[in-house]
Amino acid sequence: MSNETENSRSRESDSSQALADPIRVLLLDDHPENLLLRSTILRKHGYLTETASTVEEAIKLLDEIDIAVLDYHLGAGQFGTEVANALRRQRPEVPIIILSATLERRFGGVEDMHLLKGYSSIDDLVTALRSFEAKLRGKPVVVNARDFFYSRINMAVGEDVFLEVLDSEGNWQYVNDTCARLLERPRDWFPGRNIFVEMPELASDWRDILRTVAVTRETYIDRTYRGLLNLPRKGEEWVWSVLAFPITLHNRETGVVVTARALERKPMV
C-alpha cells in the first residue's frame, strides 16, 4: 500500500472522528441562572457547552466552539452582536443563534437565526441546534416546519384550548394535543385529511363558514353548539365557545384557525 493511500485513509478517519465528536455550543448570557439552565438541558441532549457572561469571555472561546447561542442585551452597555460580529470575521462558517426580547430590529446577519425570549421554548432552541448540527455533519436537515410554525399559535392560546388549523376546503394542517385527545386520534393522523370527509355531518353547518372566514378574513364566533368537530357535551351548565379566525398558512395560502373552550353557564337570576 502506498504512503499516499495510507495518508488519504488517515485523513478520512480523522474527518469521520471529528464529525462524530459532540457539538460544542457557546452560551452567552449575563444571568448565571440562564446559563446553568440552558447548559444543563443541552448537555442532556448530547451537546458540550462553553459558557460566558461577558463579551470578553465569549470572544476568548470562539476558536473552541461549533455553534454560538448569544443573548442580545447583556446589560452594562454590552450586546451579543459584538460577539456575533467578531465570530463572523474570525470563523464565518460557525452558525449563530441570537436570543432577543424583540424582533422589531434585525440583530446580526441574515444568516443568523433569531429566537424570541419569553415565547420561544427550550424545544425551539434544541430544534435550531439540531438543524445546524445536521448541516455541520453534512446530513439532510429534517425539521417539521409545519408543526413548528403552528405550535407558536398553540403556545399563545394555551394547552387547555381545543385548537386546529385548516385550509379553506377543510383540510387539516395542524391540531394540538387537546384536540387530538378529544377526537381520540394521534396528532399525526390529521394533517392532509379533510374534516368533511372524516366527519360528513359537519359539512352543512361549517363548510361555508370556513370558506367565508378564509375569503373575507373576518372572525367568526359561535356559542350555539352546532357540533363543530364533535365537541363533547359537558352538560347543561356548560357551553363551548368556538372562535374561527383567518391565518396565512405555512404555504402562504389563506386558512382558518379554529379554537374552542368550554365555558360555564352562569345561572339565571
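Refer to the structure presented above.
Residues numbered from 1 in each chain as written. Predicted model: local features only at pLDDT ≥ 70, side-chain atom pairs only at ≥ 80, totals over all residues. Heavy atoms only, no water.

Visitor: Looking at this structure, how should I read the overall build of the protein chain?
Guide: Along its length, the protein chain carries nine helices and twelve strands. The proportion of buried residues among the 269 residues of the protein chain is 41%. Taking the contacts inside the protein chain whose residues are at least 6 apart along the sequence as the reference set, 54% of them involve residues at least 24 apart. (Helix = DSSP H or I, 4+ residues; strand = E, 2+ residues; numbered from the N terminus. Buried < 20%, exposed > 50% of the residue type's maximum accessible area, 1.4 Å probe, protein only. Contact = heavy atoms within 4.5 Å.)

Visitor: What exactly am I supposed to notice about the packing of aromatic side chains here?
Guide: The geometry of an aromatic ring pair comes down to the distance between the two centres and the angle between the two planes. All told, the structure shown has five aromatic pairs when counted by the stated rule. When the centroid spacing of 6.0 Å and the interplanar angle of 55° are considered together, the rings of Trp172 and Trp189 count as tilted. Here Trp172 is found in strand 9 (residues 172-175), whereas its partner Trp189 is found in the loop between helix 7 (177-182) and helix 8 (195-198), with 17 residues between them in sequence. Their ring planes at 85° and their centres at 5.5 Å tell us that Trp206 and Tyr220 sit as a pair that is edge-to-face. (Phe/Tyr/Trp six-rings, centres within 6.5 Å; stacked < 30°, edge-to-face > 60°.)

Visitor: For this particular structure, what's the right way to read the pairing of strand 6 (residues 96-100)?
Guide: Two faces, one strand: in a regular strand the side chains alternate between the faces of the sheet. Among the five residues that make up strand 6, five are buried, leaving the element largely enclosed by the rest of the structure. Across the two faces of strand 6 the burial is the same, with Ile96, Ile98 and Ser100 and Ile97 and Leu99 all buried. Sheet topology places strand 3 (residues 67-71) next to strand 6; four bridges connect them, and they run parallel. Paired with Ala68 across the bridge in strand 6 is Ile96. In the sheet, strand 6 pairs with strand 7 (residues 113-116) via four bridges, with the strands oriented parallel. Bridging from a neighbouring strand, Ile98 pairs with His114 of strand 7. (Pairing = 2+ DSSP bridges.)

Visitor: Would you mind showing me how to read helix 4 (residues 80-90) here?
Guide: Residues three or four positions apart in an α-helix share a direction because the helix packs 3.6 residues into each turn. Restricting attention to buried positions, one finds in helix 4 the residues Gly80, Thr81, Val83, Ala84, Ala86 and Leu87. Of the surrounding elements, those touching the buried residues of helix 4 are strand 1 (24-28), helix 3 (55-59), strand 3, strand 4 (73-75), strand 5 (78-79) and strand 6.

Visitor: What should I look at first to understand the environment of Leu116 in this one?
Guide: Structurally, Leu116 is set in strand 7. Spatially, the C-alpha atoms of Leu116 and Ile98 are 8.6 Å apart, while their sequence positions differ by 18 residues.

Visitor: Please clarify how the sheet that holds strand 1 should be interpreted in this entry.
Guide: The pairing of strands in a sheet comes from backbone hydrogen bonds and takes either a parallel or an antiparallel form. In spatial order, the strands read 2-1-3-6-7; together these five strands make up an open sheet with parallel pairing. With partners counted over all chains shown, the strands left at the sheet margins are strand 2 (48-52) and strand 7, one partner each. The mean inter-strand angle of the sheet, taken between neighbouring strand axes irrespective of direction, is 20°. As paired strands, strand 1 and strand 2 are joined by five bridges and run parallel to one another. Considered in strand 2, the bridge of Leu28 is made with Ala52. Packing of helix 4 onto the sheet brings it into contact with strand 1, strand 3 and strand 6, and relative to strand 3 it is tilted by some 155°. (Axes fitted to C-alpha atoms, helices over the stretch in contact; angles between N-to-C directions.)

Visitor: Can you walk me through unusual backbone geometry in this structure?
Guide: What is expected of a backbone is that most residues other than glycine have negative phi and most peptide bonds are trans. For Glu184, which is not glycine, the phi torsion reads 55° and is therefore positive. Topologically, Glu184 is positioned in the loop between helix 7 and helix 8.

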